[in-house]
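# Chains, contacts and geometry: an overview
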Amino acid sequence: MKKGPESGACTLAAPGNLMESDPDTNSGNGISAREKDMLPSSGELENVPLKTSTETSRKKLCGYLNKLGIKGPIKTWKSRWFFYDENKCRLLYYRTAQDINPLGSIDVSSASFDCKMENGEGVFEIRTPSRAFTLKAISRQAMMYWLQQLQMRRWEFCNTQSRFPVGSSQLVNESLTGRTNVVDNEDFLPLVKTPTEAVGLKAASLPAPQTSTALQNISLKHPWTEIQNTVYNICGSKQLWGNNGNVFSFDEFPEHPENVDEEQEAEVEAGCAVKEGTLEDGRMGPRLNWIRKARWMNSGFPGSEEWSREKNSVDKVSVLQQQILTLTEEVKSQKELVKLLHKALEAAQQEKRVSSMYLTAAEDKDRLELVRHKVRQIADLTSRLEALEQEKKKLEQILTLRDSHIQELKEHVQLLMEKNHAKQEVIMTLTEQMARELSDPLQEANTITVQTLYKQQEEIEHLKDDIDAYKTQNQFLNSEIHQVTRLWTSVAENEKALLMKCACLQARNCQMESKYLTVLRKLQEAVPGLPNAHAELVKNLIQEALQWDVKEEAEEGFNLNPVSEYDEYGFMTVPDYEIEDWKLLAKIQALEIKSNKLWSQEIVEKPLRDRWNSIGELNPSGELKNLIRSGIPVEHRQRVWRWMVSRHCSLVPGHYQRLLEQSRSTEHPACRQIELDLPRTLTNNKHFSSPSSHLIPKLRRVLLAFSWHNPAIGYCQGLNRLAAVALLVLEDEESAFWCLVYIVENLMPADYYSETLITSQVDQRVFKDFLSEKLPRLMAHFEQYRIDVSLITFNWFLVAFVDSLVSDILLRVWDAFLYEGTKVIFRYALAIFKYNEEEILRIHDSVEIYQYLRFFTRMITDGRKLMNIAFNDLNPFPMKLLRNRRSMHREELEAELCELEQIKAAYVKERAEQGPQDLKEVASEEEEEN
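Residues numbered from 1 in each chain as written. Predicted model: local features only at pLDDT ≥ 70, side-chain atom pairs only at ≥ 80, totals over all residues. Heavy atoms only, no water.

This paragraph deals with a nonpolar patch on the surface. A cluster of nonpolar side chains, namely Tyr358, Leu359, Leu368, Val371 and Val375, defines an oily patch on the protein surface of about 450 Å² accessible area. Counting residues per element, the ones that place at least two in the nonpolar patch are helix H12 (313–360) and helix H13 (364–439). When residues in the nonpolar patch are grouped by element, the largest group, 3 residues, is from H13. Relative to the elements of secondary structure, valine 375 occurs in helix H13. (Patch = residues over 30% accessible without salt bridge, like charges linked within 9 Å, V, L, I, M, F, W, Y side chains within 5 Å. Areas by Shrake-Rupley, 256 points an atom, 1.4 Å probe, with all protein chains shown as cover. Salt bridge = Lys/Arg side-chain N within 4 Å of Asp/Glu carboxyl O. Helix = DSSP H or I, 4+ residues; strand = E, 2+ residues; numbered from the N terminus.)

Right, here's the structure in full:
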């Protein structure tokens, strides 16, 4: 807040020591006796030197501002022209820049300034001891300029008054620049660039800001001042209309159009000077009219001899008529303004009468009755206004309905006219045809002769013969079509059988290739014990198998389903591992997956796809549950996932865009961790393998939006993989965001992704219980070799098997997971161990078991077998049992954590007590060494 001078040299700026003229009480047509005494005498004025160029070129502080006017409970902004009077340190305000009498003034010498940001852009306050004025500039720059200039000029005024008292000749002899150097050298406030479009003399030439209604901008508190300004403007314009009753403006034909801006500025400066003089001397009023008249007379009179020589009489008449129309419109507008002022005057007089009645009332009861009467009038007027507004709305609706009805009727009439025209044309055509037929009926009857009848009978006989021939030909063609159809059906069946046989052969070929690669892997393990020649041969065979290109073989021979490098969602079918042993396993896995697909393509996949194609609208049912468990086809997966997310999660329109705006404006604390995890997301997918991949920016926006959406979690490692899978399937980033919200906030239990991950730890204990019940031999084997299964399975539960299973099986798991919930994760985790139980039981070393468990999920190739184990062999699997186990283990884990916290606190307390003694011992040891 900027406050006015209240101490030191500026205490002289008190209202009692300043030159003061309040335009609210004094109409501005004279000066007070005190002001006359304070002005310099005529003898002193003779010794006053002329102002220097810096003084004369000093800019006037003036411009348009909006002033908050309060009329009872109504608050409105009114446009006012403000002008700073340097002699009295007052801010005068007018309705327009052309008015001669001010509506009021603000004493800046003892005022304080305030510009709170919550009030709005450009709004500031000037608080005087008697009143607070709320003003509004067009921009923040204009507001700062006004505040800075008012502060600087107030300081100049106070320094001048304190250093040289009023009446001293030194006040005139000292130049203005010398007095302002004190303020300028202090760097009180950095200079703000002058907004020429809103402040200064040029702003006066611009049109005043318009309000919604003409009456809104009129000051009802000063009706007499408004009438004086209006009458002055009208009389001033009439005096400049010209001689001999000419009523057209001289500005329409300027003699020197290049000096228009300079003339306008000179006129505004003269107007500002006249306003200053009007406050000090009432006789300065005609000066502005004299300046305007001199300017317009110099611009050239349209009726002069030079103009009459160039223009003919017709042009003169047209110009005069145009000017008459312009002046007529101006007179109409002035009349409307006078009417408005009359209405304002009547309202003010009525208010004055009511106020006088209120003041002259003898008792408080009478005054209270007057107030109540006024309140009743206000309520009545308010109700009438509301009724009129409702009636207006009803009339507008009726008018709209009538307009639409009229338009419909016009269209109907046009259609009827077109129909009538068509009918008339048909009638005319039939009339002409009937006239032709009735014109000569005898001649038409004679044309039908016996010979014509004979020819027609012959033609009929020929047509009958042709019909018989066509029937015979049709029978022959039908038999041929039947034979061709039987042949085509037989060929199609043979082709289908051949394709099935080919698919079986390809499946067997893939199996043989996988077995061959398995043998090579076994030989690779036994290489250290083989002779050098045999070891070299095995190494060459493995390199040839790894470098074998499927595409080249597909070009050489017939191949139904070649193994492509990437699947439908961009996952690598053969992962590129750095270890050769893993490369060989990946090759074996890809071949086995291809073999399983070939076997099940015609037997399982095609009927399943037909059942999905027959489903229209999705509704929860047992049949839909079984179909989702079997796997959703690629062409239906996106639609079904969107339906599952929208069924359980309320999608708020525009919420995602607001979160993005917030993430762009404010950096989230988890932003750095998100950037670190982006390059680690789905490295085996072509859409995320490179930093320049097109899905990386979408994934970044989804994770940042979720971190702002759920501040309790923010971001947890693992959410990047969940969001990446949702992006691959749903493609739209907003849909992926809501899918991530659905998984974290609806499917997973609370605190699953919190900082403590307490619910995730609980699920690991629950899973160990289920593993002991469903697979007791395997759990006993793990306990024998002290294998902690949670080291392997913790990541499965956290990211729902992402980066653990191959893409085809992973997406089937997600299909059931999004529909049924976390119970599916338990089912598939148990099924994975059941799938590889025998292989694990054959390993009798803890290190080898851990190494096998690191990649054994990648060796699962038969998704159908895994699904049958998860949903058939492991039954029953009630959800109630899962909830009970979770609650039991959560209580145990919370008790353990509480006990751990107590131990930690005791340890910290013990260390704090032992700390000073340890330091003394260390210090004593150092002294002994020294």
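On we go.
Along strand S6 (residues 123–127), 4 of the 5 residues are buried, which leaves the element largely enclosed by surrounding structure. The sheet contact formed by strand S5 (residues 112–114) and S6 spans 3 bridges and is antiparallel. Paired with phenylalanine 113 across the two strands is isoleucine 126, which belongs to S6. Here S6 pairs with strand S7 (residues 132–136) via 5 bridges, running antiparallel. Of the residues in S7, the one forming a bridge with isoleucine 126 is phenylalanine 133. In this structure, the hairpin formed by S6 and S7 is closed by a connection of 4 residues. (Buried < 20%, exposed > 50% of the residue type's maximum accessible area, 1.4 Å probe, protein only. Pairing = 2+ DSSP bridges.)

A cluster of like positive charges, contributed by Lys332, Lys335, Lys339 and Lys343, occupies part of the molecular surface. Its place among the elements puts lysine 339 in helix H12. Of the residues examined, lysine 339 reaches a relative accessible area of 55% and is grouped as exposed. (Lys, Arg positive; Asp, Glu negative; His and termini not counted. Charge placed at Lys NZ, Arg CZ, Asp CG, Glu CD.)

Inspection of every chain in the model, using the stated rule, returns 24 salt bridges. Two residues, arginine 700 and glutamate 675, come together in a salt bridge whose shortest N-O distance is 2.6 Å. Taken together, the residues arginine 700 in helix H23 (residues 695–709) and glutamate 675 in helix H22 (residues 671–677) connect sequence positions 25 residues apart. Arginine 700 sits in the partly exposed class, given a relative accessible area of 26%. With a shortest N-O distance of 3.1 Å, arginine 680 and aspartate 677 are connected by a salt bridge. One salt-bridge network, in which partners are shared between bridges, spans Arg777, Lys834, Glu837 and Glu838.

With that settled, consider helix H25 (residues 733–747). Residues lying three or four places apart along an α-helix face the same way, a consequence of the helix completing one turn every 3.6 residues. Look at H25: 20 Å from first C-alpha to last across 15 residues, which is about the 21 Å you get at 1.5 Å a residue. For H25, the set of buried residues is Glu733, Ser735, Ala736, Phe737, Trp738, Cys739, Leu740, Val741, Tyr742, Ile743, Val744 and Leu747. (Expected span 1.5 Å × (residues − 1).)

Here the amide bond leading from asparagine 875 into proline 876 is cis, since omega sits at 0°, within 30 degrees of zero. On the secondary structure map, proline 876 appears in the loop between helix H33 (863–873) and helix H34 (879–929). For glutamate 731, which is not a glycine, the phi torsion comes out positive at approximately 70°.

Throughout the structure, instances matching the rule amount to 21 aromatic pairs. Geometrically, the ring pair formed by tryptophan 796 and phenylalanine 801 is tilted, given 5.7 Å between the ring centres and 40° between the ring planes. The same class applies to tryptophan 796 and to phenylalanine 801, which are both buried. For lysine 686, the ring lying beneath its charged end belongs to tyrosine 566, and the centroid distance is 5.2 Å. For lysine 865, the ring lying beneath its charged end belongs to tyrosine 835, and the centroid distance is 4.7 Å. (Phe/Tyr/Trp six-rings, centres within 6.5 Å; stacked < 30°, edge-to-face > 60°. Lys NZ or Arg CZ within 6 Å of the ring centre and 35° of its normal.)

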